[in-house]
Amino acid sequence: MIVENQLAIPFLQWLPDALLAFVAVISVLLVLGSMVGFLSVAFRQGPTEAVYAVANVLFKAVPDVMATSPRRTFALAKIAFYEAMRNKVLVAVLIFLLVMLFGSWFLDSKNDSPVVLYISVVFGATTYLIFLLSLFLSVFSLPNDIKNKTIYTIVTKPVRPLEIILGRVLGFGAIGSLFLVLVMFVSYAFVQRGLTHEHQINVDSIEEITAQNPIIQNGEVIAQIGDTIGYRGKTTEDAHHSHKFEIYLEEGKGSAQTDFKSDHYHTVSLTVPDDGIVTADSFTISPPQGMFRSRVPVYASRIDFLGRNGERSVDNTGKSVGIFVGKEWMYHSYIEGGSEMAAVWTFKDLSPESFEETLPLELNLSVFRLSKGDMSRGIAGEIYFRKPSSSLQVKSEESVRVPFIVKEFEIQSLAVPRELGGLDIQGNPTENKIDVLKDLVNDKGEVELWLQCTDTRQYLGAARASIYVRTPDSSYFLNFVKAYIGLWIQMVLVVAFGVFFSTFLNGPISMLTTLLSIIIGSFKEHIFLIATSGREDNQLSVGPIEAALRVLTQTDSKGLDLIAADTTNPLLVYGLSALQWIDYFVVLALRAFSNLFPDFSQLNFSNSLTAGYNINFYNQLLPQLLTAFGFVLVTSLVSYFFLKTKEIAK
Amino acid sequence: MAKSETSSKTNSKVNKSQSNKEGEPEEGGGGVAVETAEASKRDFSQNEVVAETRNLSKTYHDFWGRQKVQALKSLDIEIRKGEIFGLLGPNGSGKTTTIKLLLGLLFPTRGQALLFGKDATEVKQKERIGYLPEESYLYKFLNAEETLDFYGRLFDMPRDLRKKRVEELITMVGLNWAKKRQLKEYSKGMTRRIGLAQALLNDPELIILDEPTTGLDPIGTREMKDLILRLRDEGKTVLLCSHLLADVQDVCDRIAVLYGGDLKEMGRVDDLLKVQNITQFSTTALPEEARTEIEEVLKKHGADLLTMTNPTSTLEELFLKIVKESQERPGRRGAVHK
């Protein structure tokens, strides 16, 4: 399973751009807000009054915001929390418990990927419940307080608008957090309980494995032809599956892993009794293993592709790409078999101390066949390591090639010895073996991993995350908690948006607009793609007029430019120029618009959980936490101005 | 309401003045006259201005900006430290609008609403005021203690002070027995009491009371009026608006009568209620023959002249007269007696 958003930008690389975007958003909102404020006052009281009013609000805002009192804010948060509790919001937890208690009845128990199924159900149910809960709590609270006039006794005390906003965000955030903590433990127990099972040995299936040839160890024959050297068999069918195993004996004992089925395997141990008669009792089977993994991958910092001519291959935006094989999903880029083409991963700072004898690689490659060939045999590829030189074309020291057969549709493990045969810069074998993590690392701490396909007429698809070095796994429970933090961030954002809209809209309309924000946020990436055509440099795409023109004229070049080039009529020239400007501003507005909403799709970490990948705190969670904080800050500040300039009474 | 010493004292004073009004001479009647005179001498005109409206106007507009209602027209009033100021007017006269403008719940269309010399919308000013709304706009799911503790936090009171004030005020409004009950279980009278307690939590300099006696039984009403007078005696300023004219007459030093957003009358209650064209004498018992020659007797027979004042009407009569005149002559601005 491929998780596309695994490759987050490193935190320190993300931070400056994010801060810049934050400052830009604040500035634009300040200017826009001042303009709207000016126009609304100027309309009724004239421009002089409007300037005074806007300046008055803006200048007083700074000390007002600075004077925010934690005691008052927490008092208001406590009231919001009590209000929600007295409204019996924890009934939602009970509903969730019911779903979890009886949910397993309705789950497809014969599913091949039960972990994916269980996690999807748990996260799906939690997401809907927490969205509804936070939505209903946040959008109706302030309008109800205004309607019931309870707000009168609040705003006639020395309470600042920001305290009212933050109090609500904190109060409802606390309720949501409590809900999520309870639900998280219930979910974890549900997943663990639902997926654990026990197998017994199917006695009828036990067969002896006999030696086909004499087995010699240290010059001594330890087994003659026909001697029993192990046992093979099956487990009983439990939880709608059974496993096969083969155990080879050594001094009357042996243990082995079963085959991998339904996202797990078991370890079967056998101790042959003194009388030599193996029964079901001679075997012990472990609980399911490998089901709940949290792999910690170290990804390459870069991927480059070498073209057929042996030169770095790039597209028109400067991004290094391989061959486009026509697949709509453009995650993978392909290299041709039996050619110079290669995919090159550059790993940085792989510490030699972290890996003893082997470098544990995991591969997640895609295959594209031009000829059917032997479908049961995978496509052959080879990897080797190279010391980075000034460019991909310049020769450098490298290791010998490690051939392997690519396994499609699964994560393939490849333990490559750190010490491999070496080739010098002329391509001659070196005398001694070379240490990949020492001898092939350049001054910058980089080492290159090259992949080539050796089957002609076949292609291998690769992306930056397709090959990584796997370090020891982290705690699965911790990863579960991190995925819930993703949900928590979503909840906080819904609350912040709900409270924000409720400062100037009534309850039902606030609910609709918040819901719309969630939907737009979920499709933010698509909106952004429309505005930028998916270009890496985020350049604006063409606008709707140009797009319509291209559809009508069936051209893929710039239609407006072409028409403009063909005409000398000044009216038409200016008209076309105006249309181009309209196009430009529409696309610009679309891109700005997409930035106004948080990207909810980035906050769903359940994919990483089901695929068994660790959620990186610094590169994945922390940026999202800070982004959410930024959104809460901006929505709260804008809400402050709405509430400050709003007449509470009617 | 639990009566403190001050309360009882104020109570007796008010009762006496009432007896006097009813014209029931009693022992030591001369003393009553002295006290009434003292009360009428109470002069706040030199005190600092606590709340003020300057040309205060409020117009409501519809969505398109068209004028819908002019709720308040150029109101100028000054409320001075230590006085009890009453706002009177029929429904829709603008008195609630005035209070909302002074509390910063509404923004003026023109003019200014000032508290302690500064704009009423400034948060800092609200540390010095207490507000009892017309109805109890409190959180029904809290009990009395939680309610006052919550409002105490809004005043940023430290925990010890908060605890002390909560205990004091619950005792003062006589709700000790029900302090753990949720407000949704309270009767209207109890809710008014807890509402009053929250208004007094910060020991405010200006207390704004909107219909303070609504929903209270006669004893509760009496106690509320006593409390208002006691607050005045403690140097607080009280602004109240009420429909219950007898209450206003009993406690207010000055009143303003609004009608249709206009100020119709403003001045001291005793001045406004004075009937100017009638002189009223009150004497001790006179000989029969002297009655026939009363005018001469007063001069020649040396009877003790106890009082010689203008009789007063009731506030209700004055109020109805203003409303009637306003209906007959719309647009007439009222007289202001400083």
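What you see is a predicted model, and the numbers here were worked out from it, not measured in a lab.

Trainee: With reference to specific residues and values, describe the packing of helix α6 (residues 188–200) of chain B against helix α7 (residues 218–233) of chain B.
Mentor: When two helices pack together, their arrangement is given by the angle between the helix axes and the distance between those axes. Residues and elements named next belong to chain B. The contact between α6 and α7 brings their axes to 13 Å, and the two run at 10°. Our classification of the angle between α6 and α7 gives roughly parallel. From α6, R193, L196 and L200 reach across to α7, where they touch E223, M224, L227 and L231. In terms of residue class, the contact of α6 with α7 is built from five nonpolar, no polar and two charged.

Trainee: So what's going on with α6(B)? Residues and values would help.
Mentor: Every α-helix carries 3.6 residues per turn, so stepping three or four residues along brings you back to the same face. The end-to-end C-alpha distance of α6(B) is 19 Å, a good match for the 18 Å that 13 residues give at a rise of 1.5 Å each. Within α6(B), twelve of the 13 residues are buried, which leaves it mostly tucked inside the rest of the structure. Buried within α6(B) we find G189(B), M190(B), T191(B), R192(B), R193(B), I194(B), G195(B), L196(B), A197(B), Q198(B), A199(B) and L200(B). Each element contacted by the buried residues of α6(B) is listed here: α6 (150–155) of chain A together with β6 (129–132), α4 (144–154), α5 (159–172), β7 (206–210) and α7 of chain B.

Trainee: Run through the interface of chain A and chain B, naming residues and quoting values.
Mentor: In this complex, chain A contributes 36 residues to the contact, which on the side of chain B involves 36 residues. Across the interface of chain A and chain B, roughly 3300 Å² is buried in total on both sides, 62% from carbon and sulfur atoms. Three residues stand out in chain A for area buried against chain B, namely R71(A), T156(A) and K157(A), and they jointly supply 19% of the buried area on that side. Where chain A packs against chain B, one counts three salt bridges.

Trainee: Describe a negative patch on the surface, naming the residues involved and giving the relevant values.
Mentor: Residues and elements named next belong to chain A. Together, E356, E357, E397, E419 and D439 line one region of the surface with negative charge. Within the secondary structure, E356 sits in the loop between β12 (342–348) and β13 (358–363). Owing to a relative accessible area of 73%, E356 belongs among the exposed residues under this scheme.

Trainee: Could you give an account of the confidence of the model for chain B, with specific residues and numbers?
Mentor: Looking at chain B, pLDDT values average 78 and 73% of them are 70 or higher. This prediction of the complex comes with two scores: 0.83 for pTM and 0.77 for ipTM.

Trainee: I'd like to hear about the packing of aromatic side chains, residue by residue, with values.
Mentor: The description of two aromatic rings rests on the distance between their centres and on the angle between their planes. All told, the structure shown has 37 aromatic pairs over all chains when counted by the stated rule. Summarising the aromatic geometry, the rings of Y152(A) and Y137(B) are spaced 5.4 Å apart at their centres and angled 80° between planes, so their arrangement reads as edge-to-face. Of this pair, Y152(A) sits in helix α6 while Y137(B) sits in the loop between β6 and α4, on two different chains. Assigned by exposure class, Y152(A) and Y137(B) land together as buried. Arranged with centres 6.3 Å apart and planes meeting at 45°, the rings of F497(A) and F501(A) form a pair that is tilted. Note that F497(A) and F501(A) are positioned in helix α9 (residues 476–502) at a spacing of four residues, about one turn of the helix. By the ring-pair criterion, three or more aromatic residues cluster together here, those being F123(A), F185(A), Y188(A), F292(A), Y476(A), F477(A), F480(A) and Y484(A). Cation over ring: R295(A) sits above Y613(A), and NZ or CZ is 5.2 Å from the ring centre. In this arrangement the basic side chain of R128(B) is found over the ring face of F116(B), its NZ or CZ atom lying 3.8 Å from the centre.

Trainee: Describe in detail the pairing of strand β7 (residues 267–271) of chain A, supporting the description with residues and values.
Mentor: All names here are of chain A. On β7, burial follows the alternation: V268 and L270 on one face are buried, whereas T267, S269 and T271 on the facing-out side are not. Note that strand β6 (residues 253–257) and β7 share five bridges and pair antiparallel. Residue pairing across strands places K253 opposite T271, the latter belonging to β7.

Rules behind the numbers
- Residues numbered from 1 in each chain as written.
- Chains lettered and ligands numbered in written order.
- Predicted model: local features only at pLDDT ≥ 70, side-chain atom pairs only at ≥ 80, totals over all residues.
- Heavy atoms only, no water.
- Axes fitted to C-alpha atoms, helices over the stretch in contact; angles between N-to-C directions.
- Helix = DSSP H or I, 4+ residues; strand = E, 2+ residues; numbered from the N terminus.
- Parallel < 35°, antiparallel > 145°, perpendicular 65-115°, else oblique.
- Contact = heavy atoms within 4.5 Å.
- Nonpolar A, V, L, I, M, F, W, Y, C, P; charged D, E, K, R; others polar.
- Expected span 1.5 Å × (residues − 1).
- Buried < 20%, exposed > 50% of the residue type's maximum accessible area, 1.4 Å probe, protein only.
- Buried area = accessible area lost by both parts, 1.4 Å probe.
- Salt bridge = Lys/Arg side-chain N within 4 Å of Asp/Glu carboxyl O.
- Patch = residues over 30% accessible without salt bridge, like charges linked within 9 Å, V, L, I, M, F, W, Y side chains within 5 Å.
- Areas by Shrake-Rupley, 256 points an atom, 1.4 Å probe, with all protein chains shown as cover.
- Lys, Arg positive; Asp, Glu negative; His and termini not counted.
- Charge placed at Lys NZ, Arg CZ, Asp CG, Glu CD.
- pLDDT = per-residue confidence, 0-100.
- Phe/Tyr/Trp six-rings, centres within 6.5 Å; stacked < 30°, edge-to-face > 60°.
- Lys NZ or Arg CZ within 6 Å of the ring centre and 35° of its normal.
- Pairing = 2+ DSSP bridges.

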